[in-house]
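Structural description and commentary
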Amino acid sequence: MKTVGFRSIVLYILLAAFLLGAGYLAVELAIHGGDWAMQPYNGHLYDTAELGKITDRNGHVLAYTDDDGDRLYGESEAIRRALLHTVGDTRGYISTGVQHSLSDRLTGYNFITGLSDLPFGGIDRDVALTVDQDACAAAYGALEGRNGAALVYNYKTGEVLVKVSAPGFDPENEPEDLNDDPAYNGVYLDNTLSASFTPGSIFKLVTLTAAMEKWPDSWSQRAYACEGSMEIGGSEITCFDHTAHGTQTAAEALGNSCNVYFAQLANDIGGEALQAKAEAMGFNRSFSFDSIPTAESEIKLSGADANQLGWAGVGQHTVLVNPGHMLLLMGSIANGGEAVPPRLTKSAGLLPGLSGGEKLVTAAEAVQLKALMRSNVENYYGDWNFPAGLDVCAKTGTGEVGEEKGPNCWMVGFCDNAQYPYAFAVVVEDGPGGMAAAGPVVSAALSALVD
Amino acid sequence: MEAVKEAFAYFLHSGLLPGVLLILRAVTPVAALYVVWRCYTSFKKGQRRRDPLIVLWDEGSGARFPVLYWENSIGRSRSCDIVLPDPQVSRDHAVLMRRAEGWFICDTGSKAGVWVNGEKVEGRALVGAGDRITLGGVTLSLWNSDAAPPKRRRVFTGFSREAASPRKLLLAVTLVQFLMAIQASLNGGHFAPAQWLPFGVLLVLEWGFFAVSVGVLRHVSFELETVGFLLSGMGIQLLAATDLATVTTQLAALVLGVCVFAFLLWFMSDLDRVAKCRLWIGAGALLLFALNLVIGDERYGSKNWISLGPVSFQPSEFIKLAFIFVGTSTLDRLQTRKNITEFLIFTGACMGFLALLRDFGTALIFFACFLVIAFMRSGSVRTIALVLMAAALGVVLVLRFMPYVAERFLGWGHAWQHINDSMGFQQTRVLTYMASGGLLGMGLGNSSLIYIFAADSDLVFGLLCEEQGLFMGLVVLLAMGLFILYARSDVARSRSTFFSIASCAAAGMLLFQTCLNVFGSTDLLPLTGVTFPFFSAGGSSLVSCWGLLAFIKVSDERTYAARRAGRRRSKIPEMEDIRS
């Protein structure tokens with residue numbers, strides 16, 4: 001009898017497995033419950049748990065649910081289209097939109113009561129964003145129908161002021177041919193956070209920073225001759241329109257955006273050192289943009305020959321950058337090296353603005369880059385392109401993407417201005433050129449913000 | 001009157017209703033937890049103290065052997081309950097066991113034989129106080145025990161010293177069902193009086209059975225029945241809240257289940273009767289399987305239904321009970337026939353039938369139950385290892401020749417990558433709606449999972465958590481887990497190894513089935529499509545759960561004892577409280 005009784009402890013194996021499984025399930029539900037509940041097919045999301053109101057930084061309503069249970073959006077079509085990727089669509093296909101990423105807050109979801117009806121409307125489900133609807137609409141308008149992305153944020157506080165991605169659509173009047181019309185290709189993708197583009201000349205800032213690290217005392221004196229083109233590693237590296245820039249120092253070459261200069265510089269720095277510096281500046285990794293992970297900026301120089309390294313040094317070859325990462329890099333340069341983490345909601349974080357940012361460039365590099373970028377605008381692009389008195393520092397770029405499509409036109413930079421501490425990153429696809437296509441977008445956004 | 005009606009109508013549409021329902025949803029699982037926990041602690045406290053029943057006195061050496069169990073193995077082997085280190089005594093010499101008529105000594109294949117008062121025993125012989133039993137070179141005489149019972153020590157007494165009265169516990173069950181009935185009848189802001197019907201039926205059934213069992217039959221314990229009623233009632237009210245029509249079957253099945261429970265208790269009260277019927281039970285089970293194979297209906301990929309006119313049932317659910325009957329055994333039989341070949345062949349036949357019926361979930365449950373029984377009978381890790389290897393081979397063959405089974409494994413653990421195809425559709429819905437419910441649930445009758453296929457059977461745990469919350473889900477899981485502790489509790493103290501093995505097998509079966517159901521529907525295991533004990537819609541399943549509950553019940557020594565007259569019960573005459 002006792003032997004048989006003793007053997008029954010074999011049941012404890014089963015019991016232990018059962019308790020372990022049940023405990024695991026409960027913990028998983030506590031951790032992932034919010035994500036699991038926020039599925040587009042969840043019937044409760046439309047029945048009982050209507051989404052809360054979303055407002056911009058000035059209290060303008062960006063999205064709300066009316067008495068009939070319909071989800072309605074901003075006051076004009078321009079605003080609705082401009083904020084589509086920030087706010088999100090009704091069906092939840094835009095996963096980087098607030099309606100998806102913050103759906104647990106908007107539905108009032110919590111682990112205790114789930115999505116159930118709470119007495120007298122329950123807890124506050126409204127979300128106030130940091131964006132400015134008019135600045136977003138201005139930037140979207142300035143894209144003039146082209147695809148691209150525009151970001152502006154306050155590099156002191158981290159508040160994102162403009163976040164626009166195109167192509168977009170009006171979420172209140174969703175087009176029926178959304179999945180068929182090629183013009184809407186990638187419409188659910190947020191170009192600011194989830195895409196990476198060939199950078200072109202804006203990458204010269206990275207190449208130059210690598211030079212600063214390699215030759216801290218003499219980088220600015222390094223001079224290279226430019227005859228409009230140059231054979232490196234067996235093939236040509238050319239400047240825009242084969243313009244011969246002559247012998248230049250670093251500041252002149254950056255202002256002229258001289259490819260020949262930076263191709264030689266990149267080869268003198270060496271692939272390994274350039275790669276290492278780029279990674280220190282945030283390449284090949286993802287950033288958290290108010291809990292949404294950004295696509296990685298990519299650089300891979302191992303195995304590149306001299307010509308490829310030359311092209312990489314001017315932001316071609318296989319280099320790709322993400323606009324969100326560029327915004328952070330600009331914020332870092334503007335803010336003495338420290339990149340304040342961006343945030344989209346006004347109440348995010350217990351101590352907003354105090355959470356430590358990371359250094360993408362050193363304080364010394366930040367000062368030097370700032371001076372160079374200010375010189376770009378003062379001496380080459382012209383301050384008249386921007387609202388007066390903002391002391392804009394910037395670098396343009398045209399990333400060539402092939403024969404049949406126009407280049408990616410970039411402008412990245414910031415205002416060196418205590419009252420308007422704004423950093424920006426704008427990319428316009430298939431455009432005429434950096435200043436021509438991206439400049440007006442930056443200008444439109446800044447004008448709307450300064451007003 | 002009008003004013004009351006108006007106030008009620010106002011209440012239904014005011015912001016107050018969600019708050020009241022939320023409080024009800026928070027209180028219900030607390031009451032359920034009270035029932036589940038107090039039933040177990042009361043069950044533990046009601047058990048007899050560990051004092052010896054009788055004493056065997058070795059006349060040669062003067063040694064005294066306290067007889068602690070209802071069935072005692074005697075022999076030279078150290079695993080025996082009474083060890084006689086005498087070279088003439090066989091390793092497993094004899095079994096001394098208690099039956100309704102008194103104490104019996106059985107020869108279990110010893111070399112030297114067993115002699116009572118000088119007469120050789122063939123089979124078994126009744127022995128009484130003063131009788132002299134000779135085993136090889138040892139002669140023992142049987143006496144009543146007059147030793148003072150040792151004090152029982154307990155590390156954890158479970159928050160309370162006294163056992164709760166059965167009436168109080170059943171009252172708590174009624175409270176849980178009352179709270180659920182309020183919830184169901186106020187769902188969605190409309191008063192639905194029909195939701196009180198299942199409550200009324202449950203009320204009558206539970207208290208009626210209680211009156212018969214405790215009042216008329218004077219049974220001592222009622223804890224397991226109480227837990228059974230809690231779980232069945234909760235399942236019925238859960239299903240009633242979304243579809244009142246399905247509940248008629250469930251209520252009928254509950255009545256039948258309670259009858260099966262009572263029948264099995266009666267049937268197992270005479271182990272000789274059980275021994276006589278065992279062969280027929282086994283043969284009947286295989287016959288039923290064969291019948292199923294010939295005239296069975298195929299539903300959702302498994303051919304595991306038999307329809308007879310308006311009634312249809314799942315034979316495999318009843319064969320579960322037969323399986324335990326065939327597998328378990330009394331100690332004298334265990335000692336004489338040590339190998340498990342017979343049972344192994346029976347298991348093989350059952351598995352073969354289940355494979356032909358394509359009911360692999362049930363096959364797994366049978367297999368788990370087989371492992372429990374085989375280990376408790378043989379104690380041989382080597383046998384178990386061999387069987388597991390054979391089973392692994394079987395699984396490989398099944399996956400090879402039935403690729404659709406393998407498909408279920410492909411999606412396993414990756415349900416979220418298969419939101420819209422068959423490999424993850426049901427699992428992701430379960431997880432989403434469980435999460436939607438949170439800890440306290442969306443409210444009884446407010447389900448979206450119900451529109452998913454098999455929501456009321458295979459996915460019913462998700463339905464429970466969605467409507468009543470994860471808290472309630474965990475309370476129910478606790479109740480399932482505690483069945484193991486009920487079965488294990490003083491397992492050596494049961495009236496026979498037959499009951500010990502049967503109760504462990506039944507508890508193992510219930511818990512393993514719970515694991516397959518809960519973890520299958522939440523993607524921790526492959527989805528096999530087995531029912532959730534006591535909850536899933538399906539009459540056969542509910543009846544068989546009550547049958548399994550009977551097996552756990554019989555292992556409790558008190559099941560066949562009438563209400564005690566006094567506290568002292570250490571001598572044989574006072575043990576005549578045993579019902580015969």
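Residues numbered from 1 in each chain as written. Chains lettered and ligands numbered in written order. Predicted model: local features only at pLDDT ≥ 70, side-chain atom pairs only at ≥ 80, totals over all residues. Heavy atoms only, no water.

Scanning chain B for helices and strands turns up 17 helices and 14 strands. Against the compact-globule benchmark of 25 Å for 580 residues, chain B has a radius of gyration of 26 Å, which places it among compact chains. Within chain B, buried positions represent 58% of all 580 residues. In chain B, the share of contacts with a sequence separation of at least 24, taken over all contacts with a separation of at least 6, comes to 67%. A total accessible area of about 23,700 Å² is found for chain B, and carbon and sulfur atoms account for 64% of it. Each charge sign in chain B was given a centre, from 53 positive and 41 negative side chains, and these centres are 6 Å apart. (Helix = DSSP H or I, 4+ residues; strand = E, 2+ residues; numbered from the N terminus. Rg over C-alpha atoms; globule rule 2.2 N^0.38 Å. Buried < 20%, exposed > 50% of the residue type's maximum accessible area, 1.4 Å probe, protein only. Contact = heavy atoms within 4.5 Å. Areas by Shrake-Rupley, 256 points an atom, 1.4 Å probe, with all protein chains shown as cover. Lys, Arg positive; Asp, Glu negative; His and termini not counted. Charge placed at Lys NZ, Arg CZ, Asp CG, Glu CD.)

Take the overall build of chain A next. On a plain count of helices and strands, chain A comes out with 16 helices and 17 strands. Dimensions of chain A, computed from C-alpha atoms along their principal axes, come out at roughly 95 × 65 × 45 Å. The proportion of buried residues among the 451 residues of chain A is 56%. Of all intrachain contacts in chain A linking residues separated by at least 6 positions in sequence, the fraction that spans at least 24 positions is 66%. Here chain A has roughly 17,600 Å² of accessible surface; of this, 51% comes from carbon and sulfur atoms. In chain A, 26 side chains carry a positive charge and 55 a negative one; their mean positions are 8 Å apart.

Attention shifts here to the nonpolar core. One finds B:Met234, B:Met268, B:Phe483, B:Tyr486, B:Phe534 and B:Phe535 to be the most contacted residues of the largest nonpolar core, which totals 156 residues. It is helix H15 (residues 460-488) of chain B that provides the largest number of residues to this core, a total of 17 residues. Discounting chain neighbours no more than four positions away, the residues touching B:Tyr486 are B:Val36, B:Cys39, B:Tyr40, B:Phe43, B:Glu223, B:Leu224, B:Val227 and B:Ile552. Among the nonpolar cores identified, the runner-up in size contains 116 residues, and A:Tyr153, A:Val164, A:Ala278 and A:Met373 belong to it. (Core = buried A, V, L, I, M, F, W, Y, C linked by side-chain atoms within 4.5 Å.)

It is worth spelling out the packing of helix H2 (residues 16-45) of chain B against H15(B) at this point. Each pair of packed helices can be described by the angle between their axes along with the distance between the axes. Residue and element names in this part refer to chain B. At their nearest, the axes of H2 and H15 sit 9 Å apart, and the two run at 5 degrees to each other. Relative to H15, H2 is oriented roughly parallel. In this structure, H2 uses Arg25, Ala26, Thr28, Pro29, Val30, Ala32, Leu33, Val36, Cys39, Tyr40 and Phe43 to contact H15, whose residues at the interface are Glu467, Gln468, Phe471, Met472, Val475, Leu478, Ala479, Leu482, Leu485 and Tyr486. In terms of residue class, the contact of H2 with H15 is made up of 17 nonpolar, two polar and two charged. (Axes fitted to C-alpha atoms, helices over the stretch in contact; angles between N-to-C directions. Parallel < 35°, antiparallel > 145°, perpendicular 65-115°, else oblique. Nonpolar A, V, L, I, M, F, W, Y, C, P; charged D, E, K, R; others polar.)

This next bit is on unusual backbone geometry. A cis amide bond links A:Ala166 to the next residue, A:Pro167, at an omega of 10 degrees. Along the polypeptide, A:Pro167 turns up in the loop between strand S6 (160-166) and helix H9 (204-214). Phi at A:Ser257 is positive, roughly 50 degrees, even though this residue is not glycine. Mapped onto the fold, A:Ser257 is located in the loop between helix H10 (250-256) and helix H11 (259-269). A positive phi angle, close to 70 degrees, is found at B:Ala454, a residue other than glycine.

On to the pattern of salt bridges, then. A complete count under the given rule lists 20 salt bridges over all chains for this structure. The closest approach of N and O atoms between B:Asp272 and B:Arg124, which form a salt bridge, is 2.9 Å. Linking B:Asp272 in helix H7 (residues 271-295) with B:Arg124 in strand S9 (residues 124-127), this pair joins segments that are 148 residues apart in sequence. Among the residues examined, B:Asp272 registers a relative accessible area of 27% and is labelled partly exposed. Relative accessible area serves as the criterion here: at 32%, B:Arg124 is assigned to the partly exposed category. Overlapping salt bridges, with partners in common, bring together A:Arg80, A:Asp170 and A:Glu172 in one network. (Salt bridge = Lys/Arg side-chain N within 4 Å of Asp/Glu carboxyl O.)

All names here are of chain B. Read from one edge to the other, the open sheet built from five strands follows the order S4-S3-S5-S6-S9, with strand pairing classed as mixed. Either end of the sheet is taken by a strand with one partner, and the two such strands are strand S4 (82-83) and S9. Across six bridges, strand S5 (residues 94-99) lies against strand S6 (residues 102-107) in antiparallel orientation. Within S6, the position partnered with Ala94 by the bridge is Asp107. (Pairing = 2+ DSSP bridges.)

Another point: the packing of helix H8 (residues 315-327) of chain B against helix H10 (residues 341-356) of chain B. Residues and elements named next belong to chain B. Packing of H8 against H10 leaves a shortest axis separation of 10 Å and a crossing angle of 170 degrees. Accordingly, the angle class assigned to the pair H8 and H10 is roughly antiparallel. Where H8 approaches H10, its residues Ser316, Phe323, Val326 and Gly327 are matched on the opposing element by Phe343, Phe346, Thr347, Cys350 and Leu354. Partitioned by chemical class, the residues of the contact of H8 with H10 number six nonpolar, three polar and no charged.

What follows concerns helix H13 (residues 306-313) of chain A. Within H13(A), the full set of buried residues consists of A:Asn307, A:Leu309, A:Gly310, A:Ala312 and A:Gly313. The N-terminus of H13(A) is capped by A:Asp305, whose side-chain oxygen sits 3.1 Å from the backbone nitrogen of A:Asn307. (Polar contact = N/O pair within 3.5 Å; in protein donor to acceptor, adjacent residues only side chain to side chain.)

On to the environment of B:Lys553, then. Within the secondary structure layout, B:Lys553 lies in helix H17 (residues 539-554). Setting aside its immediate chain neighbours within four residues, B:Lys553 contacts B:Ser221, B:Phe222, B:Leu224, B:Glu225, B:Phe261, B:Leu265 and B:Thr559.

The next point concerns the domain arrangement of chain A. Residues and elements named next belong to chain A. When cut into domains, chain A gives domain 1 (43-130) and domain 2 (138-450). Placing the centre of domain 1 and that of domain 2 at their C-alpha centroids yields a distance of 32 Å. Between domain 1 and domain 2, the contact holds 24 residues from the first and 26 residues from the second. Buried area between domain 1 and domain 2, both sides added, is near 2,400 Å², and the carbon and sulfur share of it is 53%. Considering only the surface of domain 1 that becomes buried against domain 2, Arg81, His85 and Thr130 emerge as the three largest contributors, covering 29% of it. Across the contact surface, domain 1 and domain 2 share three salt bridges. Taking the shortest distance from any N to any O, the salt bridge between Arg80 and Asp170 comes out at 2.8 Å. The interface formed by domain 1 and domain 2 includes twelve residue pairs in polar contact (both at pLDDT 80 or more). Mapped onto the side of domain 1 that touches domain 2, the elements with two or more residues apiece are strand S3 (71-73), helix H4 (77-82), helix H5 (84-87) and strand S4 (127-128). (Domains from an automatic or database assignment. Buried area = accessible area lost by both parts, 1.4 Å probe.)

Residue and element names in this part refer to chain B. On inspection of all chains with the given rule, the structure shows 45 aromatic pairs over all chains. Geometrically, the ring pair formed by Phe178 and Trp196 is tilted, given 5.5 Å between the ring centres and 55 degrees between the ring planes. One end of the pair, Phe178, is in helix H3 (residues 166-186); the other, Trp196, is in helix H4 (residues 196-216), with 18 residues separating them in the sequence. Pairing Phe267 with Phe325 gives two aromatic rings, centres 5.6 Å apart and planes at 80 degrees, and the pair type is edge-to-face. In this pair, Phe267 sits in helix H6 (residues 247-267) while Phe325 sits in helix H8, placing the two residues 58 residues apart along the sequence. The exposure class of Phe267 is buried, given its relative accessible area of 9%. The exposure class assigned to Phe325 is buried, which follows from its relative accessible area of 5%. Sitting above the plane of the Trp266 ring, Arg273 keeps its charged end 3.9 Å from the centroid. (Phe/Tyr/Trp six-rings, centres within 6.5 Å; stacked < 30°, edge-to-face > 60°. Lys NZ or Arg CZ within 6 Å of the ring centre and 35° of its normal.)

Residue and element names in this part refer to chain B. Structurally, Asp458 is set in the loop between helix H14 (425-437) and H15. Taking relative accessible area as the criterion, Asp458 reaches 18% and is therefore assigned buried. Each residue touching Asp458, except ones within four places of it in the same chain, is listed here: Asn517, Ser521, Gly529 and Val530.

For the rest of this paragraph, the subject is the sheet that holds strand S11 (residues 138-144) of chain B. Strands in a sheet are paired, the pairing made by backbone hydrogen bonds, and the direction either parallel or antiparallel. All names here are of chain B. Taken in spatial order, the six strands of this open sheet run S2-S1-S11-S10-S7-S8, and their pairing is antiparallel. With partners counted over all chains shown, the strands left at the sheet margins are strand S2 (64-67) and strand S8 (119-120), one partner each. Here strand S1 (residues 54-58) runs beside S2; their pairing, made up of four bridges, is antiparallel. Looking across to S2, one finds that Trp57 is bridged to Arg64.

Time to look at a negative patch on the surface. All names here are of chain A. Negative charge collects at one region of the surface, where Glu50, Asp67, Asp68 and Asp70 lie side by side. Mapped onto the secondary structure, Asp67 falls in the loop between strand S2 (61-65) and S3. Note on Asp67: relative accessible area 84%, which makes it exposed. (Patch = residues over 30% accessible without salt bridge, like charges linked within 9 Å, V, L, I, M, F, W, Y side chains within 5 Å.)

Take the interface of chain B and chain A next. Listed per partner, the contact involves 67 residues of chain B and 41 residues of chain A. Between chain B and chain A, roughly 4,400 Å² of surface is buried when both sides are summed, and carbon and sulfur atoms account for 74% of that area. Here chain B and chain A share zero salt bridges between them. At the boundary of chain B with chain A, the tally comes to 23 residue pairs in polar contact (both at pLDDT 80 or more). Top element by residues in the side of chain B that touches chain A is helix H16 (residues 497-521) of chain B. It accounts for eleven residues. Each residue belonging to the side of chain B that touches chain A can be placed in one class, and the counts come to 36 nonpolar, 23 polar and eight charged.

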